[in-house]
Amino acid sequence: MRNPELSRVVVTGLGMISPLGNDVNDSWGALLSGKSGVAKVTKFDASAFPVKIAAEVKNFSVEKYIPKKMARHMDTFIHFGVAAGLEAFEDSGYEVNDEARSRVGVLVGSGIGGLPLIEETQKVLSSRGPRRVSPFFVPASIINMISGHLSIELNINGPNMAAVTACTTGLHSIGLAARLIQCGDADAMLAGGAESTISPLGLGGFAAARALSLRNEDPESASRPFDAGRDGFVLGEGAGVVFLESLESARSRKAKIYAELIGFGMSGDAYHMTAPDIKGPVYSMSNALKNARINPDEVDYINAHGTSTQLGDKNETIAIKTCFSQHAKNLVISSTKSMTGHLLGGAGGVESVFSVLALYKGISPPTINLEGNDPDCDLDYCANEARDLDIEVVLKNNFGFGGTNGTLVFRRAHL
């Protein structure tokens with residue numbers, strides 16, 4: 001239960017690199033227009049793979065954020081995470097001085113980390129021997145280095161951490177960062193997730209698990225959450241980061257406040273490593289609502305995990321109906337993965353930014369490619385077109401391999 005004596009936490013900055021755009025505004029605009037970020041793979045020759053499509057970040061210039069020489073010693077997921085973090089920090093307008101420096105921290109994670117660099121380094125090791133392995137290999141590929149680089153770039157000395165919980169990473173990072181603020185370990189935190197695993201091993205591994213869509217000839221329609229014709233998710237990449245701070249801090253500097261983060265819930269399925277269960281998501285949503293101290297019927301919009309897998313979308317729908325009972329029919333739900341694909345550890349960061357903007361601007365993003373509902377997916381998924389919506393409370397879900405679940409609750413700022 002949320003302790004009223006704990007600090008209230010608000011969102012004052014947003015940052016994003018996504019398959020829809022290389023900043024928040026471009027990504028949000030493309031999202032509302034129902035644009036798909038899915039296309040043929042260009043990062044490598046995928047002709048031998050059963051899956052030949054992905055949601056790649058396009059026309060990204062790392063030199064805008066990181067000097068080229070330094071960027072060479074980082075894998076791409078770090079590029080994306082640092083870029084999104086810097087945008088969120090700039091958007092917040094927060095100024096770090098000597099007094100505040102130790103009170104600002106970073107918690108940006110990744111589900112897999114530097115997979116492309118690991119692949120390339122293995123090739124070097126095999127073909128040219130151990131002496132040719134780069135001394136930068138380890139710091140260029142380990143997951144906590146997004147937080148490390150952001151702390152160095154911004155010269156901040158608060159908590160410097162990373163979470164790794166598969167596809168729930170970005171969401172858990174935001175929730176845990178909020179807890180650090182609530183408990184007094186920091187006044188402000190950059191938090192979110194990043195991923196870049198569109199590589200031969202990444203695509204090959206998920207394809208071998210038969211988790212990916214095979215709609216190679218029609219990429220833009222491949223990600224279709226809750227649709228009867230869905231056949232798997234689309235691998236995506238990018239990063240989403242939010243700047244969180246205590247309400248007291250935001251008020252003291254008259255910051256723009258996008259939303260208040262009022263609830264965070266977690267759970268485990270205790271069921272199966274990859275197949276989802278219903279109990280875990282129900283516990284996660286229920287715990288978040290309890291933490292927020294609100295009733296289920298106070299929620300207006302859900303940004304769903306909604307990966308476009310047969311079992312996952314069905315289970316999430318059943319879990320929502322179980323948690324919300326009759327109010328489930330009143331909810332507007334959307335899966336923005338229909339446009340971005342599944343960013344794995346970056347999903348919760350990107351989708352939390354979208355959730356906050358939906359609340360702030362009063363618009364539900366659409367679920368595109370929803371042409372015929374699965375009979376087991378019978379709720380209002382805001383099919384195909386964005387919708388003006390009076391949103392007071394948003395609930396955001398993410399669920400990951402290993403049965404790890406997370407839910408956030410955001411409320412319109414009445415401060």
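Refer to the structure printed above.
Source: prediction; values computed, not measured.

Enquirer: Account for the overall build of the protein, naming residues and giving values.
Expert: Helices and strands together make up the secondary structure of the protein, namely 13 helices and 14 strands. The C-alpha radius of gyration of the protein comes to 20 Å, within 12% of the 22 Å expected for a compact globule of 415 residues. Its C-alpha atoms give the protein principal-axis dimensions of roughly 60 × 55 × 40 Å. Within the protein, the fraction of its 415 residues that count as buried is 61%. Across the protein, the fraction of contacts at a sequence separation of at least 24, relative to all contacts at a separation of at least 6, is 79%. Total accessible area on the protein is roughly 16200 Å²; 51% of this is exposed by carbon and sulfur atoms.

Enquirer: Provide a residue-level description of the pairing of strand β1 (residues 9–17), including the pertinent values.
Expert: A large share of β1 lies buried, amounting to nine of its nine residues. Sheet analysis places β1 next to strand β7 (residues 238–246), joined by eight bridges and oriented antiparallel. Note that in β7 the partner of leucine 14 across the bridge is valine 242.

Enquirer: Tell me about the packing of aromatic side chains, and name the residues and values.
Expert: Two measures describe an aromatic ring pair: the distance that separates the ring centres and the angle between the ring planes. For the structure on display, the rule yields eleven aromatic pairs. Here phenylalanine 44 and phenylalanine 49 contribute two aromatic rings whose centre-to-centre distance is 5.6 Å and whose plane-to-plane angle is 65°, an arrangement assigned as edge-to-face. Exposure class is identical for phenylalanine 44 and phenylalanine 49. Each is buried. Both rings, one in tyrosine 258 and one in tyrosine 360, keep their centres 4.9 Å apart while their planes meet at 65°; by these two values the pair is edge-to-face. With tyrosine 258 in the loop between α9 (247–252) and β8 (259–268) and tyrosine 360 in helix α13 (residues 347–361), the pair connects residues that are 102 residues apart, well separated along the chain.

Enquirer: Explain the nonpolar core to me, and be specific about the residues and the numbers.
Expert: In this structure, Val11, Leu14, Leu244 and Phe410 are the most contacted members of the largest nonpolar core, which totals 46 residues. Every element with two or more residues in this core is listed here: β1, α1 (24–32), α7 (169–182), β6 (188–195), β7, β8, α13 and β14 (404–411). The element contributing the most residues to this core is α13, with eight residues. Dropping the residues within four chain positions of it, leucine 244 is found in contact with Val9, Val10, Val11, Ile174, Ala177, Ala178, Ile181, Asp187, Ala188, Met189 and Leu261.

Enquirer: Which residues make up the environment of isoleucine 278, and what are the values?
Expert: Mapping isoleucine 278 onto the fold places it in the loop between β8 and α10 (279–292). With relative accessibility at 26%, the residue isoleucine 278 sits in the partly exposed group. Look past the residues within four positions of isoleucine 278 in its chain and what remains in contact with it is Asn315, Ile318 and Ala319.

Enquirer: Give me the lowdown on empty space enclosed by the protein, citing residues and values where you can.
Expert: The full count for this structure, using the stated rule, is one cavity of 30 Å³ or more. Every residue along the wall of the largest cavity is listed here: Ala178, Arg179, Gln182, Leu261, Ile262, Gly263, Phe264 and Asn291. Counting residues per element, the ones that place at least two in the lining of the largest cavity are α7 and β8. The dominant element in the lining of the largest cavity, judged by the number of residues it contributes, is β8, at four residues. Residue composition of the lining of the largest cavity, grouped by class: four nonpolar, three polar and one charged.

Enquirer: Break down the sheet that holds strand β10 (residues 332–334) for me, with residues and values.
Expert: Reading across the sheet, the ten strands line up as β5-β4-β6-β7-β1-β8-β14-β13-β9-β10 and stay open at both edges, with mixed pairing between neighbours. The sheet is open, and its two edges are formed by β5 (160–161) and β10, each paired on a single side. One ladder, built from eight bridges, connects strand β13 (residues 393–400) with β14; its direction is antiparallel. Directly across from valine 393, in β14, lies its bridge partner arginine 411. Of the strands in this sheet, β1, β6 and β7 are in contact with helix α3 (residues 76–92), which crosses β1 at around 135°.

Enquirer: So, unusual backbone geometry: which residues are in play, and what are the values?
Expert: Positive phi, close to 55°, is recorded for serine 325, a residue that is not glycine. Relative to the elements of secondary structure, serine 325 occurs in the loop between α11 (310–324) and β10. Positive phi is not limited to glycine here, since leucine 344 has a value of about 55°. Its place among the elements puts leucine 344 in the loop between α12 (337–340) and α13.

Enquirer: Give a detailed account of the side chain of threonine 121, specifying residues and quantitative values.
Expert: Of note, threonine 121 is situated in helix α4 (residues 115–128). A distance of 2.7 Å separates the side chain of threonine 121 from the backbone oxygen of leucine 117, its partner in a polar contact. Look past the residues within four positions of threonine 121 in its chain and what remains in contact with it is Val133 and Phe137.

Enquirer: Could you give an account of the environment of phenylalanine 60, naming the residues involved and the relevant values?
Expert: Tracing the chain through its elements places phenylalanine 60 in the loop between β3 (53–54) and α2 (68–71). Classification of phenylalanine 60 by relative accessible area gives partly exposed; the value is 22%. For the pair phenylalanine 60 and histidine 79, spaced 19 residues apart in the sequence, the C-alpha separation amounts to 9.6 Å. Setting aside its immediate chain neighbours within four residues, phenylalanine 60 contacts Ile17, Asn22, Tyr65, His79, Phe80 and Ala83.

Basis of the calculations
- Residues numbered from 1 in each chain as written.
- Predicted model: local features only at pLDDT ≥ 70, side-chain atom pairs only at ≥ 80, totals over all residues.
- Heavy atoms only, no water.
- Helix = DSSP H or I, 4+ residues; strand = E, 2+ residues; numbered from the N terminus.
- Rg over C-alpha atoms; globule rule 2.2 N^0.38 Å.
- Buried < 20%, exposed > 50% of the residue type's maximum accessible area, 1.4 Å probe, protein only.
- Contact = heavy atoms within 4.5 Å.
- Areas by Shrake-Rupley, 256 points an atom, 1.4 Å probe, with all protein chains shown as cover.
- Pairing = 2+ DSSP bridges.
- Phe/Tyr/Trp six-rings, centres within 6.5 Å; stacked < 30°, edge-to-face > 60°.
- Core = buried A, V, L, I, M, F, W, Y, C linked by side-chain atoms within 4.5 Å.
- 1 Å grid on protein atoms, 1.4 Å probe; cavity = no way out; pocket = protein on both sides within 12 Å on 5 of 7 lines; lining within 4 Å.
- Points joined across faces, edges and corners; volume = space filled by probe spheres on them.
- Nonpolar A, V, L, I, M, F, W, Y, C, P; charged D, E, K, R; others polar.
- Axes fitted to C-alpha atoms, helices over the stretch in contact; angles between N-to-C directions.
- Polar contact = N/O pair within 3.5 Å; in protein donor to acceptor, adjacent residues only side chain to side chain.

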